[in-house]
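# Structural overview for review
Residue-level listing of the chains:
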Amino acid sequence: MIDEIQKRLLAEIADLHTVPSGAYNIRANSQMAARNTTANIDIISKKDVSGIDIRIKPGTKNESVHIPVVLSASGIKETVYNDFYIGENCDVVIVAGCGIHNCGVQDSQHDGVHRFFVGKNSKVKYVEKHYGEGDGRAKRILNPVTEAYLEEGSSMEMEMVQIKGVDSTVRTTKAELAANASLVVRERLMTHGTQTAKSIYETYLNGDGASADVVSRSVAREESFQEFSSRITGNAACKGHTECDAIIMDKARVLAIPQLDANNVDAELVHEAAIGKIAGEQIIKLMTLGLTQEQAEEQIINGFLK
């Protein structure tokens, strides 16, 4: 059964207000709370470790899989392994994410390891949102690991979002692309207080015509710290772009680490980074419309993170 706190967490991380259509596996406080499979999508519990295998039949289109995790009890620490096997010529949406409600004195932590094996000419959209809440002294910790292996002609779009309330996170993402495969990553991140967030992206463009576009937009407030590390390795005639855009406020710190490794004369790799405070003229313009300085800053931030 899902209680009211868990329902609120599901709404935050997966936009779920009712039971989703299609395939789903909902995990609550380290237990399976609900599961549904379809004719084209099967979900099987692993026997050796905690986690599931999701198998999507070739040719599956316009279907979705929801696999959110919620923790509402203090002191839970878990590592979950989920593997996705997507057949050829698919077009699917996968929604994950984790929400932690911790009002206790013991840290709560969820580490999810997701591996994607994307078949030829398949298209996958993957959404992963993280959220934390609770007035306890203990921490809310999330350390997601994502691995994606894209076969020839396949594509994957990743939407990685940290909404708020996560005290510590290390996000590690690795992708390997075959010929004419493409990867698009859009990371959105907000930290405040003394929170820390580290994002590590490693992308290997192994086939001719492979492409990757990895972009992070973030806001660091108060005394929080963010680190963004993105490495693109071009092993063929390929195109890669990585970008870090960050707004820094108060006493926060942001570190951007670009790495480009061109191992082919026809590899075209680009890195961009822009870190700075909100421009004063932007605030002044909004204040002339009747907003306070605080309201003006919030409006700019909300627009920046969309």
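For clarity, every value in this text was computed on a predicted model and none was experimentally measured. (Residues numbered from 1 in each chain as written. Predicted model: local features only at pLDDT ≥ 70, side-chain atom pairs only at ≥ 80, totals over all residues. Heavy atoms only, no water.)

### Some details on the packing of aromatic side chains
Worth spelling out the cut-off: Ring geometry is summarised as follows: Phe, Tyr and Trp rings, the Trp one being its six-membered ring, pair when their centres sit within 6.5 Å, and such pairs are stacked at plane angles under 30 degrees, edge-to-face over 60 and tilted between the two. The secondary structure listing takes helices from DSSP runs of H or I that are at least 4 residues long and strands from runs of E that are at least 2 residues long, numbered from the N terminus. Burial status follows relative accessibility: with a 1.4 Å probe on protein chains alone, a residue under 20% of its type maximum counts as buried, one over 50% as exposed, and anything between as partly exposed. Our definition puts a charge over a ring when NZ of Lys or CZ of Arg is within 6 Å of the ring centre and also within 35 degrees of the ring normal.
In this structure the tally under the stated criterion is 5 aromatic pairs. Relative to F228, the ring of Y201 has its centre 5.9 Å away and its plane inclined at 50 degrees; by these criteria the two rings are tilted. Separated by 27 residues along the polypeptide, Y201 in strand β17 (residues 196-205) and F228 in strand β19 (residues 225-234) bring together distant segments of the chain. In this pair, the class of Y201 matches that of F228, namely buried. The ring of Y85 carries the charged tip of R55 above its face, separated from the ring centre by 4.2 Å. A cation sits over an aromatic face here: R217 above F304, 4.9 Å from the ring centre.

### Digging into unusual backbone geometry
Look at N180: it is not a glycine, yet its phi comes out positive at around 60 degrees. Assignment of secondary structure puts N180 in the loop between β15 (168-177) and β16 (182-191). Unlike most non-glycine residues, E222 shows phi in positive territory, near 55 degrees.

### Here we look at the pattern of salt bridges
The criterion, for reference: The term salt bridge refers to a pairing of a side-chain nitrogen on Lys or Arg with a carboxyl oxygen on Asp or Glu at a separation within 4 Å.
For the coordinates displayed, the defined rule picks out 16 salt bridges. One salt bridge connects R27 with E78, and the closest N-O pair in it is separated by 3.0 Å. Highlighted residues: R27 in strand β1 (residues 23-28) and E78 in strand β7 (residues 77-86), separated in sequence by 51 residues. By the burial criterion, R27 is buried, and E78 matches it. A salt bridge links R231 to D261, with the shortest nitrogen-to-oxygen separation between them at 3.2 Å. Remark: D261 occurs in strand β21 (residues 253-262) and R231 occurs in strand β19; sequence separation between them is 30 residues. Looking at R231, the relative accessible area reads 28%, which means it is partly exposed. Overall, the relative accessible area of 23% leaves D261 in the partly exposed class. Through salt bridges that share partners, K46, D53, D83 and R115 make up one connected network.

### Structural notes on helix α3 (residues 293-304)
Applicable threshold: One less than the number of residues in a helix, times 1.5 Å, gives the span that helix is expected to have. This arc corresponds to the set of directions leading from the helix axis out to the C-beta atoms. Note on contacts: a residue pair is in contact if any heavy atoms of the two residues lie within 4.5 Å.
Taking 1.5 Å per residue as the helical rise, α3 with its 12 residues ought to reach 16 Å, and the 17 Å between its terminal C-alpha atoms agrees with that figure. Every buried residue of α3 is listed here: A296, E297, I300, I301 and F304. Down the axis of α3, the buried side of the element spans an arc of 130 degrees, and every buried residue falls inside it. In this structure, the buried residues of α3 make contact with β16, β18 (211-220), β20 (239-248) and α2 (280-287).

### What to know about the pairing of strand β10 (residues 108-118)
To keep it simple, the criterion reads: A pair of strands is labelled paired if DSSP reports no fewer than 2 bridges between them.
Among the 11 residues that make up β10, 9 are buried, leaving the element largely enclosed by the rest of the structure. Here 10 bridges tie β7 to β10, and the two strands are oriented parallel to one another. Across the sheet, residue F84 finds its bridge partner in β10, namely F116. Pairing geometry for β10 and strand β12 (residues 140-142), over 3 bridges, is parallel. Its bridge partner being in β12, S108 is matched across the sheet by R140. Pairing analysis gives 6 bridges linking β10 to strand β13 (residues 145-150), with the strands arranged parallel. Residue pairing in the sheet places F117 in a bridge with Y149 of β13.

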